[in-house]
Amino acid sequence: MGQAAQMNLVKLSVGTEDIAGLARWQASKRAQGADGLPRHVTRMWPRRADEILAGGSIYWVIRGAIRCRQRILRLDGVTGDDGVRRCAIVLDPEVVATAQATRRPFQGWRYLRPEDAPADLSGSRRGEEALPDALSAALAEIGVL
């Protein structure tokens, strides 16, 4: 039997203003598991878990556009204070900036095929000053970014 094809997730980062804000939140004890790794706890367990764990990432939508991603390391089962079992998506702490891709609001997470995922920004572009949100969104809308 062959190895599972890779699949990614895309998720809104609600209340986050920029990539640095996401990184700050994930560095907090509240966002980390006992192992110190950042995690995102979700009510649903991905049905395509094997594909996600075959090298997939979570792409974060911040202020209406995908702006970064993190590699998914594993999926852990966790039980909340309410006794409900949930899925903790355990993440690599490295946040990788990506080209921006506009996304409309949605609930939960969605699958994102590798061929539809925005490219990582090259090392030479990571330190660049971010474009104003309106300009970035307009360029992404017409496919320039």
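Summary of the structure given here. All of these numbers come straight from a predicted model, not from anything done at the bench.

## Let's talk about the overall build of the protein chain
Reasoning step 1: For the protein chain, the helix and strand inventory stands at four helices and seven strands.
Reasoning step 2: N-terminal to C-terminal, the α/β element order of the protein chain is β-α-β-α-β-β-β-β-β-α-α.
Reasoning step 3: For the protein chain, buried positions account for 39% of its 145 residues.
Reasoning step 4: A separation of at least 24 residues holds for 67% of the contacts in the protein chain among residues at least 6 apart in sequence.
Reasoning step 5: Accessible area for the protein chain stands at about 8800 Å²; split by element, carbon and sulfur atoms hold 50% of it.

## As for the pattern of salt bridges
Reasoning step 1: The full count for this structure, using the stated rule, is nine salt bridges.
Reasoning step 2: In this structure, the salt-bridge partner of Glu17 is Arg63, at a minimum N-O distance of 3.3 Å. Of this pair, Glu17 sits in the loop between β1 (8-12) and α1 (19-27) while Arg63 sits in the loop between β3 (57-62) and β4 (65-79), and the two are 46 residues apart along the sequence.
Reasoning step 3: Overlapping salt bridges bring together Asp35, Arg74 and Asp76 as one network.

## Notes on the pairing of strand β5 (residues 85-91)
Reasoning step 1: Burial runs high along β5: five of the seven residues are buried.
Reasoning step 2: Examined bridge by bridge, strand β2 (residues 39-42) and β5 share four bridges and lie antiparallel to one another. Looking at β5, one finds that Val41 is bridged to Ala88.
Reasoning step 3: Sheet analysis places β4 next to β5, joined by seven bridges and oriented antiparallel. Across the sheet, the residue bridging to Arg74 is Val90, located in β5.

## A few points about the pairing of strand β6 (residues 96-102)
Reasoning step 1: For β6, a buried count of six out of seven residues is recorded, marking the element as mostly surrounded by other parts of the structure.
Reasoning step 2: Relative to β6, β4 runs antiparallel, the two being bridged by four bridges. Across the sheet, Arg69 pairs through a bridge with Val96, a residue of β6.

## Focus on the environment of Ser13
Reasoning step 1: As for its position among the elements, Ser13 is in the loop between β1 and α1.
Reasoning step 2: In sequence terms Ser13 and Tyr59 are 46 residues apart; their C-alpha atoms lie 9.5 Å from each other.
Reasoning step 3: Among all residues touching Ser13, those that are not within four sequence positions of it are Leu22, Trp60, Val61 and Ile62.

## Let's talk about the packing of aromatic side chains
Reasoning step 1: Under the counting rule described, the total for this entry stands at one aromatic pair.
Reasoning step 2: Here Trp109 and Tyr111 contribute two aromatic rings whose centre-to-centre distance is 5.2 Å and whose plane-to-plane angle is 75 degrees, an arrangement assigned as edge-to-face.
Reasoning step 3: What makes Trp109 buried here is its relative accessible area of 14%.
Reasoning step 4: The positively charged end of Arg48 is found above the aromatic ring belonging to Tyr111, 5.3 Å away from the centroid.

## Here's the deal with the nonpolar core
Reasoning step 1: Ranked by size, the top nonpolar core spans 15 residues in total, and within it Leu9, Ile58, Trp60, Ile72, Leu75, Ile89 and Leu91 carry the most contacts.
Reasoning step 2: Elements represented by at least two residues in this core include exactly α2 (49-52), β3, β4 and β5.
Reasoning step 3: In terms of nonpolar packing, the next biggest core, distinct from the first, is built from nine residues, Tyr59, Ile66, Leu112 and Ala117 among them.

## Brief notes about α1
Reasoning step 1: Taken as a whole, α1 has its buried residues at Gly21, Leu22 and Gln26. The arc that holds every buried residue of α1, seen down its axis, measures 135 degrees, which confines them to one face. The exposed set on the far side of α1, more than 90 degrees from its buried face, consists of Arg24 and Ala27.
Reasoning step 2: Those residues of α1 hidden inside the fold are in contact with β3, β4 and β5.

What counts, and where the lines are drawn
- Residues numbered from 1 in each chain as written.
- Predicted model: local features only at pLDDT ≥ 70, side-chain atom pairs only at ≥ 80, totals over all residues.
- Heavy atoms only, no water.
- Helix = DSSP H or I, 4+ residues; strand = E, 2+ residues; numbered from the N terminus.
- Buried < 20%, exposed > 50% of the residue type's maximum accessible area, 1.4 Å probe, protein only.
- Contact = heavy atoms within 4.5 Å.
- Areas by Shrake-Rupley, 256 points an atom, 1.4 Å probe, with all protein chains shown as cover.
- Salt bridge = Lys/Arg side-chain N within 4 Å of Asp/Glu carboxyl O.
- Pairing = 2+ DSSP bridges.
- Phe/Tyr/Trp six-rings, centres within 6.5 Å; stacked < 30°, edge-to-face > 60°.
- Lys NZ or Arg CZ within 6 Å of the ring centre and 35° of its normal.
- Core = buried A, V, L, I, M, F, W, Y, C linked by side-chain atoms within 4.5 Å.
- Arc of directions from axis to C-beta.

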